[in-house]
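# A closer look at the structure
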Amino acid sequence: MMAASSEALLLSLVLALLALVNSEDPYWFHTWNVNYATLSPLGVPQQVITINGEFPGPRINCTSNNNIVVNIFNNLDEPLLFTWNAIQQRKNSWHEGLPGTTCPIAPGTNFTYRFQVKDQIGSYFYYPSTALHRAAGGFGPITVHSRELIPVPFDWPEEEYVVLVGDWYTKGHATLRKLLDKGRSLGRPAGVLINGKQGKHDGTDDPMFVMKPGKVYRYRFCNVGMKNSINVRFQGHTMKLVEVEGSHTVQNVYDSLDVHLGQCYSVLVTANQPPKDYYLIASTRFTKTVLTATALVRYSGSNTPASEMLPEAPVGWAWSLNQFRSLRWNLTASAARPNPQGSYHYGKINITRTIKIVNSAGTVDGKLRYAINGISHIEPETPLKLAEYFGIADKVFKYDLMSDNPPDDIGNKMIIAPNVVNQTFRDFIEIIFENHEKNVQSWHLAGYSFFAVAIEPGRWSPDKRLNYNLMDAVSRNTIHVYPGCWAAIMLTMDNAGMWNLRSMLAERTYLGQQMYFSVLSPAKSLRDEYNIWDHQLLCGLVKDMPVPHPYAGA
């Protein structure tokens with residue numbers, strides 16, 4: 001009898017372990033209705049894109065390795081796509097949500113995105129990637145928490161707040177798009193928003209954030225704007241930096257932070273000042289006219305108004321460069337996995353390829369265009385990823401029009417064409433960004449995180465590698481480049497798919513300052529890349545083509 005009971009218990013344990021091994025990570029399901037609404041973010045009625053009636057859109061709040069399913073109903077009058085900025089989409093560029101990877105959702109129809117936040121933590125955001133829809137809103141936050149068994153290098157805060165900051169135009173997205181199509185620039189934005197509001201700064205605003213005296217709060221800042229870097233700061237409070245774009249950092253303390261386009265920072269703020277109201281300030285950087293927004297931060301139970309005197313932002317980019325140099329990866333903290341972030345010794349890996357990128361502005365047929373190494377990207381009707389997968393790439397684009405080094409006549413000649421570069425799977429590469437122009441550039445690479453090893457004045461040359469941070473550079477997905485400066489990043493191209501490198505300045509992206517890396521696994525195995533989804537939208541030349549034979553198992 002005892003033996004039978006022991007065998008039954010053993011069998012139960014084995015079955016439980018098998019179930020645990022075979023179980024999937026949790027799923028989170030979202031249904032979004034995307035509509036136009038008339039709102040007045042800057043006091044002027046205008047057309048704004050809302051999601052389920054919200055502007056900004058709803059928060060996707062999840063945990064590392066969770067599976068996210070978002071069913072989007074497009075109630076606009078134009079095709080629509082959303083991209084999940086900085087979600088790496090491991091093996092899954094199918095649902096990256098860019099015109100080069102995914103067919104748009106037609107008006108009056110719906111489409112379901114499926115992706116996993118695989119081995120990621122941190123602060124991110126989503127936004128519409130079609131036309132110039134991001135100028136009308138449609139953006140919202142994505143927050144990815146560590147799993148319970150993975151320690152984080154700070155105590156759990158009393159509460160956390162998402163703060164989406166960015167410049168804003170009062171002209172509608174259709175009007176702005178017409179300007180670009182006519183070869184004109186968008187011009188200066190009309191103001192700055194904090195979570196969709198400008199703030200009156202007259203004592204009549206309702207509090208956007210509430211803090212209890214003595215408690216610690218996490219604020220997740222993301223710059224979701226169109227054109228400008230934004231400086232954020234609090235009245236009377238310092239900020240302890242704890243995370244940059246998915247990486248825990250050395251916990252330096254700052255009075256203010258520059259958040260460049262597309263970037264996200266997490267800080268801890270301690271409510272250790274006299275109980276009253278305070279302002280959170282967001283203002284443009286490197287602009288002749290400084291645009292400012294405020295949000296009221298109230299200590300619970302306070303009835304004392306905030307001071308009208310606002311702390312000023314730093315001036316010039318030297319201060320901002322020093323901020324970048326102060327950012328350090330926390331080598332002892334765990335990332336999404338239990339191993340320390342510093343266990344990956346990127347500085348000891350041989351570089352197999354160096355790509356030097358120079359951005360440029362010019363005119364083609366009298367119209368403004370932007371380019372990378374002389375190639376100004378355009379989006380074909382057939383997404384690049386689908387053309388490649390269906391074996392008709394030669395009918396849609398040419399590989400490697402762009403060289404690894406800028407041409408000598410980069411300021412005089414510009415080619416308008418899809419810009420797709422072949423990249424060997426799993427190579428460790430170096431990308432150099434040189435900015436010969438007068439405004440700050442901000443670059444984002446989809447599908448990856450990279451090590452931002454340097455930003456320096458002047459022009460890059462191989463001997464500049466001596467200045468690289470090869471020990472504790474922050475692993476992130478966005479890098480900025482000041483005027484007359486260069487920046488260097490390093491990464492392993494180990495995520496098979498079609499991945500976009502783009503300017504985060506909306507005007508520049510729309511007018512060609514972007515490109516794609518085609519990273520193909522020679523094994524064509526499910527170990528390296530997922531098969532095309534059964535519900536994947538097909539369009540352009542592949543619309544009625546039979547789906548190719550699926551990849552083999554791992």
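Anything mentioned here points back to the structure above.
Attention here is on the structure that accompanies the text. Counting from 1, residues in each chain are numbered in the order their sequence is written. Restriction of local features to residues with pLDDT of at least 70 applies here, the model being predicted, together with a cutoff of 80 or more for giving and counting side-chain atom pairs; totals for whole chains, interfaces and linings are based on all residues. The side-chain values count all of the structure's non-hydrogen atoms but skip hydrogen atoms and water molecules.

### A closer look at the overall build of the protein
Note on conventions: DSSP H or I runs of at least 4 residues are helices, E runs of at least 2 residues are strands, and numbering of each starts at the N terminus. Tallying secondary structure elements over the protein gives five helices and 33 strands in all. The atom set for the radius of gyration is the C-alpha atoms, and the globule formula is 2.2 Å times the number of residues raised to the power 0.38. Against the globule reference of 24 Å for 554 residues, the protein gives a C-alpha radius of gyration of 24 Å, in line with a compact fold. Dimensions of the protein along its principal axes, counting C-alpha atoms only, are 85 × 65 × 55 Å. Exposed residues in this analysis have more than 50% of their type's maximum accessible area, buried residues have under 20%, and partly exposed residues fall in between, with area computed by a 1.4 Å probe over protein chains only. Split into buried and exposed, the 554 residues of the protein put 56% on the buried side. Of all intrachain contacts in the protein linking residues separated by at least 6 positions in sequence, the fraction that spans at least 24 positions is 78%. Each accessible area value is a Shrake-Rupley result obtained with a 1.4 Å probe; residue values ignore everything except the protein chains displayed when judging cover. Carbon and sulfur atoms make up 54% of the accessible area of the protein, which totals about 23000 Å². The average position of the 49 basic charges and that of the 47 acidic charges among the side chains of the protein differ by 4 Å. Throughout, a residue-residue contact means that at least one pair of heavy atoms, one from each residue, lies within 4.5 Å. Positive charges come from Lys and Arg alone, negative charges from Asp and Glu alone, with His and the N- and C-terminal ends not counted. By convention, charge coordinates are those of NZ in Lys, CZ in Arg, CG in Asp, or CD in Glu.

### Describing the packing of aromatic side chains
Stacked, edge-to-face and tilted are the three classes for Phe, Tyr and Trp ring pairs, Trp counted by its six-membered ring, which pair at centre distances within 6.5 Å; planes under 30 degrees apart are stacked, over 60 edge-to-face, the rest tilted. For the structure on display, the rule yields 33 aromatic pairs. With a centroid separation of 5.7 Å and 75° between ring planes, the pair formed by Trp32 and Phe82 is classed as edge-to-face. Note that Trp32 is positioned in strand β1 (residues 27-39) and Phe82 in strand β5 (residues 82-85), a separation of 50 residues in sequence. For Phe82, a relative accessible area of 0% corresponds to the buried category. Taken together, the ring pairs connect Trp32, Phe82, Trp84, Phe111, Tyr113, Phe115 and Tyr126 into an aromatic cluster. The criterion is that NZ of a Lys, or CZ of an Arg, lies within 6 Å of the ring centre and within 35 degrees of the ring normal, and then a charge sits over that ring. Between Arg134 and the ring centre of Tyr127, over which it is positioned, the NZ or CZ distance is 4.9 Å. Here the basic side chain of Lys385 rests over the ring of Trp94, its NZ or CZ set 4.7 Å away from the ring centre.

### Concerning the pattern of salt bridges
Where side chains of opposite charge bring their charged atoms close, a pairing between them can arise. The term salt bridge refers to a pairing of a side-chain nitrogen on Lys or Arg with a carboxyl oxygen on Asp or Glu at a separation within 4 Å. Taken as a whole and assessed by the stated rule, the structure comprises 20 salt bridges. As a salt-bridge pair, Asp472 and Arg328 come within 3.3 Å of each other at their nearest N and O atoms. With Asp472 in the loop between β28 (450-457) and β29 (475-476) and Arg328 in the loop between α3 (317-326) and β21 (353-364), this pair connects stretches of sequence that are 144 residues apart. Look at Arg328 and you get partly exposed, because its relative accessible area is 30%. Of the charged contacts in the structure, one is a salt bridge between Glu430 and Arg465, with a shortest N-O distance of 2.7 Å.

### Considerations on the nonpolar core
Within the largest apolar cluster, 34 residues are counted, with the highest numbers of intra-cluster contacts made by Ile357, Phe433, Ile479, Leu491 and Phe517. Looking at which element gives the most residues to this core, the answer is strand β31 (residues 485-492), with four residues. Residue contacts for Ile357: discarding those within four places in its chain leaves Ile372, Asn373, Ile431, Ile432, Phe433, Glu434, Trp443, Leu501 and Met515. We define the nonpolar core as a collection of buried residues of types Ala, Val, Leu, Ile, Met, Phe, Trp, Tyr and Cys that are connected through side-chain atoms lying within 4.5 Å of one another. With 33 residues, the next largest nonpolar core counts Met211, Met239, Leu257 and Ala282 among its residues.

### Describing the sheet that holds β1
By this definition, two strands are paired if DSSP reports at least two bridges between them. What the four strands build is an open sheet, ordered β2-β1-β4-β6; its pairing is mixed. Since the sheet does not close on itself, it has two edges, and those belong to β2 (46-51) and β6 (110-116), each with one partner. In this sheet, adjacent strand axes meet at a mean angle of 20° when their direction is disregarded. Pairing geometry for β1 and β2, over six bridges, is antiparallel. Residue pairing for β2: Ala37 is matched across the bridge by Val48. Every axis in this analysis is a line fitted to C-alpha atoms, fitted for helices over the stretch in contact. Angles between the N-to-C directions lie between 0 and 180 degrees.

### Structural notes on the environment of Gln423
Inspection of the secondary structure puts Gln423 in strand β25 (residues 420-424). Under the relative-accessibility criterion, Gln423 is labelled buried at 4%. When the C-alpha positions of Gln423 and Gly108 are compared, they lie 38 Å apart, and in sequence the two are 315 residues distant. Within the structure, Gln423 has its side chain in polar contact with the side chain of Arg353 (distance 2.8 Å). Throughout this description, a polar contact denotes any pair of N or O atoms lying within 3.5 Å of each other; where both atoms belong to protein, one of them has to be capable of donating a hydrogen while the other can accept it, and for residues adjacent in sequence the pair is counted only when both atoms sit in side chains.

### As for the sheet that holds β25
Spatial strand order, β25-β33-β32-β27-β30: five strands in an open sheet with mixed pairing. Every other strand in the sheet has two partners, leaving β25 and β30 (478-481) as the edge strands with one partner each. Between one strand axis and the next, the sheet turns through 20° on average, direction left out of account. With five bridges joining them, β25 and strand β33 (residues 514-520) adopt parallel strand pairing. Counted as the bridge partner of Thr424 is Leu520 from β33.

### Topic: the environment of His535
Considering the arrangement of structural elements, one finds His535 in the segment after β33. A sequence separation of 422 residues divides His535 from Tyr113, and the C-alpha atoms of the two residues are 9.6 Å apart. Discounting chain neighbours no more than four positions away, the residues touching His535 are His95, Phe111, Thr112 and Arg114. A polar contact is formed between the side chain of His535 and the backbone oxygen of Thr112, at a distance of 2.7 Å.

### Describing the state of the cysteines
The term disulfide is used for any two cysteine sulfur atoms that are within 2.5 Å. Under the defined criterion, the tally for this structure stands at two disulfides. In this model, Cys222 is linked to Cys264 through a disulfide, with the two sulfur atoms separated by 2.0 Å. Taking the torsion about the sulfur-sulfur bond, which here is approximately 115°, the covalent link between Cys222 and Cys264 counts as right-handed. Residue Cys222 is located in strand β12 (residues 216-223), and its partner Cys264 is located in strand β18 (residues 264-270); the two are separated by 42 residues in the primary sequence. Across the pair, Cys264 and Cys222 agree in class, each one buried. Taking only the cysteines that form disulfides and numbering them from first to last, the protein has the pattern 1-4, 2-3. Sulfur of Cys62: no disulfide; nearest cysteine sulfur belongs to Cys222 and is 13 Å away.

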